[in-house]
Amino acid sequence: MFNNIRNFCIIAHIDHGKSTLADRMLEVTGTVEKRKMKEQYLDQMDLERERGITIKMTPVRMIYHANRRPTQTETQTNADEKLLYKDLTYKIRGIIFAVKKNLGLGHKEIIYQKALEEEFKKNNIQIEKEKTINILYENKKIGVYRPDFIIDGKVILEIKSLPFIGKNEEQQAWSYLKGSLYKLALLVNFGGSDVEIKRTVFDTARFQRESASSPRESAQVEEYVLNLIDTPGHSDFSYEVSRALAAVDGAVLLVDASQGIQAQTLANYNYAKKAGLKIIGAINKIDLNPVNTEDVIKNLANLIEQDEKDILKVSGKTGEGVEELLMAIINKIPPPKAQISNSQSPISNCFQALVFDSFYHEHKGIVANVRVFNGSIKRGEDGFLIAAQTKFKIKELGFFAPQLKDDEIIETGQIGYIATGLKDPEILKIGDTIISYADARTNADKTQTNAEGSRHSSVKSASQWALPGYKEPQPLVFVSFYPEEADDYEDLKIALEKLKLNDSALRFEPDFNEFLGRGFKCGFLGRLHFEITAERLEREFNIKTINSFPSVSYKVKTKTGEWIIANTPKDFPEDYIETLEPVSNIEIISPSEYLGAVLGLQQTFRLRDVTTKSLGNSIILSGVLPLAELIRDFDDQLKSVSAGFASLSYDVSDYQKTKITKLEILVAGHNIGGLTRIVYKEDIEREARKTVLKLKDLLPRQQFVQAIQALSRGKIIARETIPAYKKELGNFGKNSGDRTRKMKLWKKQQKGKVRLKERGMKSRINVPTKIFKELLKK
């Protein structure tokens, strides 16, 4: 029943080409029309495109006809359906994409023709430009045709620069093939939103198929539903990866052929192995012809304990090897199986769906992304959230295409969405199980039927159908957010609630600062996670915020012997006996020639217990690093000393004893709470001096002297002074009176400055928000 479904995800280190490979899969399966295709199609946020990284996992359903490959408008020339002129086609595609990358879109056809001519020469590919081809009718010449290029004496190449390729252009290419001795034509359009390549093959049967959806009568087409989840590659978003792995049955472990195995490759492989998934190894970017490809294949095969011949070679850029990868997914990843959580249950087909993600829709309310493990449910029926004990009516359900596409039913093995209509973001928890409310009532002790969307006090038997959920991630980095405009506080609260639906790792609670007002203390999984959230608040909700210094969670033993958790400097007590800080086990993979430079980071950061081992031509370096050091700028420094080749993964393991203290900043005797932070004792003087010097440059002068002081445990350890404005008393020359008058004015001014200083000491010091933003910059 479910044999035609395959649920899988792509996992890899950041920038190894997951999203580009997903683009080619969407093309090959015909999920997205070529004229609508754009790079990183599944990365829906502008932020993802700008940074070139995946931030959110994205599900999509693809329909693939295994015996109807490829799906473009074409026919095949040989019985085994191998791609005609396969190697030459991939070379041409690579050159076309290289020209697009260098020139962009929107130029005239002649520009692209000249650029392609240069690229073909550079790659030693034989071309004939505007060659005269005879058009034959019953073996008689009836006309001539001059295509832009003939490639290697085999392939006709026509170049266009149109908004899109229409039927007329396609039919023209077909007609030219029909009247000539050539069998393959490529129609390339540098227009619209991306470069478009139409491949037309004229075979020995001498007739054109209307489309990929009209196969030959002899073809036996088997349709597969491929549910793909594209995942992030950065370690800060590993929780997204773990949730995706729980919703699928297999994973494609992708490795960049030019970079080899990197830190997050190992981490993601271990996650997939722990989840018990079938793993398919593949190396990407083979169109670059890297010299170490065979070494990378060998290393990957050793890692996943498979034969080298089982490692697939693909190019997300040109599409080479993508169909072979899709067939491997069909042949190797098992189809889903129905699961019943309690075999003693009298209900044999209870609907069970795991909520692995969610988002908020203005009209549909909370939309849950689900993987169905058992049973089926229809639009309009009542659903029930087991953990939240909440009933709701299904407003809409369906699948991702990749946009939301509604359907009448969702059933076992499928990945899709359920629109709950609920408006309170606090109700839905990631990892909850949705069941049919009718099933929940069958064997449940019911208290009363409440209004739709209300919380039920008890449906006792429903918990037996709860699926294993997710372990909630513990925040590692804490930052307080304050709205630039005080009136935006409620909007900020609503924005964070909606973000939490889409980012279940986000934690927040109300906070207050005497200078910045009301805000929220937020917990994140890493520094990048925090930076992305800040940008999303501004872009998606138009709320500008000011944030405090990033901090980690410390354990502090007070004078009374009690252990407390200090997530922010405000929580840190003045008197304490002992402090513990979180430490992370880090794993760095670097080319061996940069080992010395990487080891040199021990001089700057508190990196200890370092061990190394070989991985082909690379070195795996393991060690222990305090989390506070990691979130400072360790990753940036690592990239700097290794010319960008080293990669990092980490997990927080334990707490260790440390020597830290609270650094406070005073301006004119006032404690500026927003600038207080926790600092390692050995760094206290350097950080104090750096902060007061920066403040001296940023703070505006007043009519009185302002002392800027750095304070730690009651001791001033750094000070700078901003002088008062001076008033010129005029030119006391020959005709301006004696010196006595000048001295009286000076004394009068001096007394006034003393009064202003006293008034400033008593009143609230106003530190402009833009000063906070400058100080809090990394």
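The model shown is predicted, which means the values in this text are computed figures rather than measured ones.

A few words on the packing of helix α3 (residues 86-103) against helix α4 (residues 109-122). Here α3 crosses α4 at 125 degrees, and the two axes come no closer than 10 Å. If you check the angle between α3 and α4, you find them oblique. Every pair of crossing elements has a handedness; the one defined by α3 and α4 is right-handed. Residues Ile-92, Ile-95, Ile-96, Val-99, Asn-102 and Leu-103 of α3 pack against Ile-111, Tyr-112, Ala-115, Leu-116, Glu-119 and Phe-120 of α4. In the contact of α3 with α4, the residues fall into ten nonpolar, one polar and one charged.

Turning our eyes to something else, we now look at the nonpolar core. Formed by 61 residues in total, the largest nonpolar core has its most connected members in Ile-229, Ile-283 and Ile-434. Among the elements that take part in this core, helix α8 (residues 293-304) stands out by supplying six residues, more than any other. Among residues more than four places away in sequence, those in contact with Ile-229 are Phe-8, Cys-9, Ile-10, Met-57, Thr-58, Pro-59, Ala-244, Ala-247, Val-248, Phe-356 and Ile-415. By size, the runner-up hydrophobic cluster in this structure holds 42 residues, among which are Tyr-489, Phe-520, Ile-586 and Leu-621.

Right, let's talk about the sheet that holds strand β18 (residues 390-393) for a bit. Read from one edge of the open sheet, eight strands run β18-β17-β23-β14-β15-β22-β19-β20, paired in antiparallel fashion. Taken across any chain shown, the strands that pair with only one partner, and hence form the sheet edges, are β18 and β20 (404-407). Ignoring strand direction, the axes of neighbouring strands in this sheet form an average angle of 40 degrees. Here strand β19 (residues 396-400) runs beside β20; their pairing, made up of four bridges, is antiparallel. Each bridged residue has a counterpart across the sheet, and for Phe-399 the counterpart in β20 is Lys-405.

Another aspect to go through is the packing of aromatic side chains. Counted according to the given criterion, the structure contains 13 aromatic pairs. Ring geometry for Tyr-112 and Phe-190: centres 4.0 Å apart, planes at 5 degrees, overall stacked. Of this pair, Tyr-112 sits in helix α4 while Phe-190 sits in strand β8 (residues 184-191); the two residues are 78 residues apart in sequence, bridging distant segments of the chain. The residues Tyr-112 and Phe-190 share a single accessibility class, namely buried. Here the aromatic rings of Phe-400 and Tyr-417 are separated by 5.8 Å at their centres, their planes lie at 55 degrees, and the arrangement is tilted.

What counts and how
- Residues numbered from 1 in each chain as written.
- Predicted model: local features only at pLDDT ≥ 70, side-chain atom pairs only at ≥ 80, totals over all residues.
- Heavy atoms only, no water.
- Axes fitted to C-alpha atoms, helices over the stretch in contact; angles between N-to-C directions.
- Helix = DSSP H or I, 4+ residues; strand = E, 2+ residues; numbered from the N terminus.
- Parallel < 35°, antiparallel > 145°, perpendicular 65-115°, else oblique.
- Left-handed = near helix turned anticlockwise from the far one by under 90°.
- Contact = heavy atoms within 4.5 Å.
- Nonpolar A, V, L, I, M, F, W, Y, C, P; charged D, E, K, R; others polar.
- Core = buried A, V, L, I, M, F, W, Y, C linked by side-chain atoms within 4.5 Å.
- Buried < 20%, exposed > 50% of the residue type's maximum accessible area, 1.4 Å probe, protein only.
- Pairing = 2+ DSSP bridges.
- Phe/Tyr/Trp six-rings, centres within 6.5 Å; stacked < 30°, edge-to-face > 60°.

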